[in-house]
Amino acid sequence: MVDRTSGVPAFRQVAADLREKIVSGQFAPGAKLPSEHELVGTYGVSRPTIREAVDVLRGEGLVTSEHGRGVFVRPPASIQRVARSRLSRDARERNRGAFLADAAAGGFAPSTSVKIRFEPAGARVAGHLAIDEGAEVTVRDRVMRADGLVVQLAVSRLPRELTRGTAIEDVDTGPGGTYARLEEAGRSIGSFAEHVGARMPTPAEATQLQLAGGVPVITVTRVAHGVDGTPLEMNDMVLAADRYELSYEWPAD
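Worth saying up front: this structure is predicted, and the values here are computed from it rather than measured.

A.B. asks: So what exactly am I meant to see when it comes to the overall build of the protein chain here?
C.D. replies: Across its full length, the protein chain carries nine helices and 10 strands. With 253 residues in all, the protein chain has 42% of them scored as buried. Sequence-distant contacts in the protein chain: of pairs separated by 6 or more residues, those separated by 24 or more amount to 59%. Approximately 13100 Å² of the protein chain is accessible, and the part contributed by carbon and sulfur atoms is 52%.

Written as structure tokens, this is what we have:
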């Protein structure tokens, strides 16, 4: 029950008590909070007060709401993205490139949903891919999850002339992914360049990533080049900043 003589708003008292139960582990990561009806009975307050308290916790990134299912304690997913050998040929051949390598190292279950579309290249895309503005590109739009929680959005664009008739235009590209299919078509990967930044998310990104208010995103634009230096793919990634650590390692000589 709340203390109505304390001078602290009831919703803040409820939020504080629920926060303590989450931090202490009484409500474990991924656990569903009691229903609104149950919380009303527990604290002796109204439904609007309970909703305000849950909004506070949601804003702090402690809980997420799933329509029709309830409110859940947000798992403390922490992903280390090591830029060392994540895109090496060996890793790709073992089907452990990029996100799958992060999953293997971090011990989480990865899953990805993919949508394919085709569109004319805008000025930025054309510049990165060294193609004419308006040239057709294949777009692979992916939502990546760790233990069911969306942690990364990734949109790859490739010149359509490189993907036509290949599995790159299918949802499932097969073992080794896009880069393996490019190499099978005679386009060997020579190098990668990554450009890292940070910004506040768009409303759509904040919704997809279930970001708490004020949490920024990390942006990574990666361009894959062939052995002759020709750009083959441009990949725009948006990562939830509260769930990622970027680590870079390289030889000293």
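A.B. asks: What's the story with the pattern of salt bridges in this structure? I'm lost.
C.D. replies: Proximity of charged atoms lets side chains of opposite charge pair with each other. Under the criterion given, the structure shown has 16 salt bridges. For Arg160, the salt bridge is made with Glu169, and the minimal N-O distance between the two is 2.5 Å. The same class applies to Arg160 and to Glu169, which are both buried. One salt bridge connects Arg199 with Glu205, and the closest N-O pair in it is separated by 2.8 Å. The exposure class assigned to Arg199 is partly exposed, which follows from its relative accessible area of 34%. Since its relative accessible area comes to 12%, Glu205 is described here as buried. Residues participating in the shared-partner salt-bridge network are Arg117, Glu119, Arg124, Asp141, Arg157 and Asp236.

A.B. asks: How should the nonpolar core be read in this particular structure?
C.D. replies: Nonpolar side chains in soluble globular proteins generally cluster together in the buried interior. Counting residues in hydrophobic clusters, the biggest one holds 19 residues, and the most contacted among them are Val14, Leu18, Tyr43, Ile50 and Val63. Listed in part, the 13 residues of the second largest apolar core include Ala103, Met144, Ala154 and Ile218.

A.B. asks: It is not clear to me how a nonpolar patch on the surface should be interpreted in this structure. Could you clarify?
C.D. replies: Taken together, the side chains of Val196, Tyr248 and Trp250 define a hydrophobic patch exposed on the protein surface, amounting to about 370 Å² of accessible area. For Trp250, the position within the fold is in the segment after strand 10 (244–248).

A.B. asks: Can you walk me through the packing of aromatic side chains in this structure?
C.D. replies: The relation between two aromatic rings is expressed through the spacing of the ring centres and the mutual angle of the planes. In this structure the tally under the stated criterion is one aromatic pair. The side chain of Arg160 reaches across the aromatic face of Phe118, ending 3.9 Å from its centre.

A.B. asks: Whenever I open this one, the sheet that holds strand 8 (residues 217–226) confuses me. Can you help?
C.D. replies: For sheets, the rule is that strands pair by backbone hydrogen bonds, running either parallel or antiparallel. If you walk across this open sheet you meet the six strands as 4-5-6-9-8-7, and the pairing is antiparallel. In the strand order of this sheet, the two ends are held by strand 4 (110–120) and strand 7 (189–199), each with one partner. Between one strand axis and the next, the sheet turns by 15° as a mean value, whatever way the strands run. Pairing geometry for strand 7 and strand 8, over 10 bridges, is antiparallel. Following the sheet pairing, Phe192 is matched in strand 8 by Ala224. Packing against the sheet, helix 8 (residues 177–184) makes contact with strand 5 (136–146), strand 6 (149–159), strand 7, strand 8 and strand 9 (231–240), and its axis sits at approximately 150° to strand 7.

A.B. asks: What am I meant to see in helix 8 here?
C.D. replies: By the criterion of burial, helix 8 is predominantly enclosed, with six of the eight residues buried. Those residues of helix 8 that fall on the buried side of the exposure criterion are Gly177, Thr178, Tyr179, Ala180, Arg181 and Leu182. Positive backbone phi, approximately 90°, marks Gly186, located one or two places after helix 8.

A.B. asks: When you look at unusual backbone geometry in this model, what are you seeing that I'm missing?
C.D. replies: Excluding glycine, residues mostly have negative phi values, and the peptide bonds linking residues are mostly trans. The backbone phi angle of Ala130 is positive, close to 55°, even though this residue is not glycine. With respect to the helices and strands, Ala130 occurs in the loop between helix 6 (123–129) and strand 5. When its relative accessible area of 59% is taken as the criterion, Ala130 is described as exposed.

A.B. asks: Please explain helix 1 (residues 10–24) as it appears in this structure.
C.D. replies: Given 3.6 residues per helical turn, the α-helix brings residues three or four places apart onto the same face. When the terminal C-alpha atoms of helix 1 are compared, their 21 Å separation across 15 residues agrees well with the 21 Å that a helix rising 1.5 Å per residue should span. Among the structural elements, helix 2 (36–43), helix 3 (47–59), strand 1 (63–66) and strand 2 (70–73) are those in contact with the buried residues of helix 1. Positive backbone phi, at 95°, marks Gly25, one or two positions downstream of helix 1.

A.B. asks: Looking at this structure, how should I read the pairing of strand 2?
C.D. replies: Each regular strand carries side chains that alternate between the two faces of the sheet. Across four bridges, strand 1 lies against strand 2 in antiparallel orientation. What sits directly across from Thr64, in strand 2, is Phe72. Where strand 1 folds back on strand 2, the antiparallel hairpin that results is connected by three residues, among which Gly68 adopts a positive phi of roughly 85°.

A.B. asks: How should I be thinking about the side chain of Asn235 in this particular structure?
C.D. replies: Checked against the element boundaries, Asn235 lands in strand 9. For Asn235, the side chain forms a polar contact with the side chain of Arg142, separated by 3.3 Å. Beyond its immediate sequence surroundings of up to four residues, Asn235 is in contact with Arg142, Ala154, Val155, Ser156, Val220, Thr221 and Arg222.

Parameters and conventions
Residues numbered from 1 in each chain as written. Predicted model: local features only at pLDDT ≥ 70, side-chain atom pairs only at ≥ 80, totals over all residues. Heavy atoms only, no water. Helix = DSSP H or I, 4+ residues; strand = E, 2+ residues; numbered from the N terminus. Buried < 20%, exposed > 50% of the residue type's maximum accessible area, 1.4 Å probe, protein only. Contact = heavy atoms within 4.5 Å. Areas by Shrake-Rupley, 256 points an atom, 1.4 Å probe, with all protein chains shown as cover. Salt bridge = Lys/Arg side-chain N within 4 Å of Asp/Glu carboxyl O. Core = buried A, V, L, I, M, F, W, Y, C linked by side-chain atoms within 4.5 Å. Patch = residues over 30% accessible without salt bridge, like charges linked within 9 Å, V, L, I, M, F, W, Y side chains within 5 Å. Phe/Tyr/Trp six-rings, centres within 6.5 Å; stacked < 30°, edge-to-face > 60°. Lys NZ or Arg CZ within 6 Å of the ring centre and 35° of its normal. Pairing = 2+ DSSP bridges. Axes fitted to C-alpha atoms, helices over the stretch in contact; angles between N-to-C directions. Expected span 1.5 Å × (residues − 1). Polar contact = N/O pair within 3.5 Å; in protein donor to acceptor, adjacent residues only side chain to side chain.

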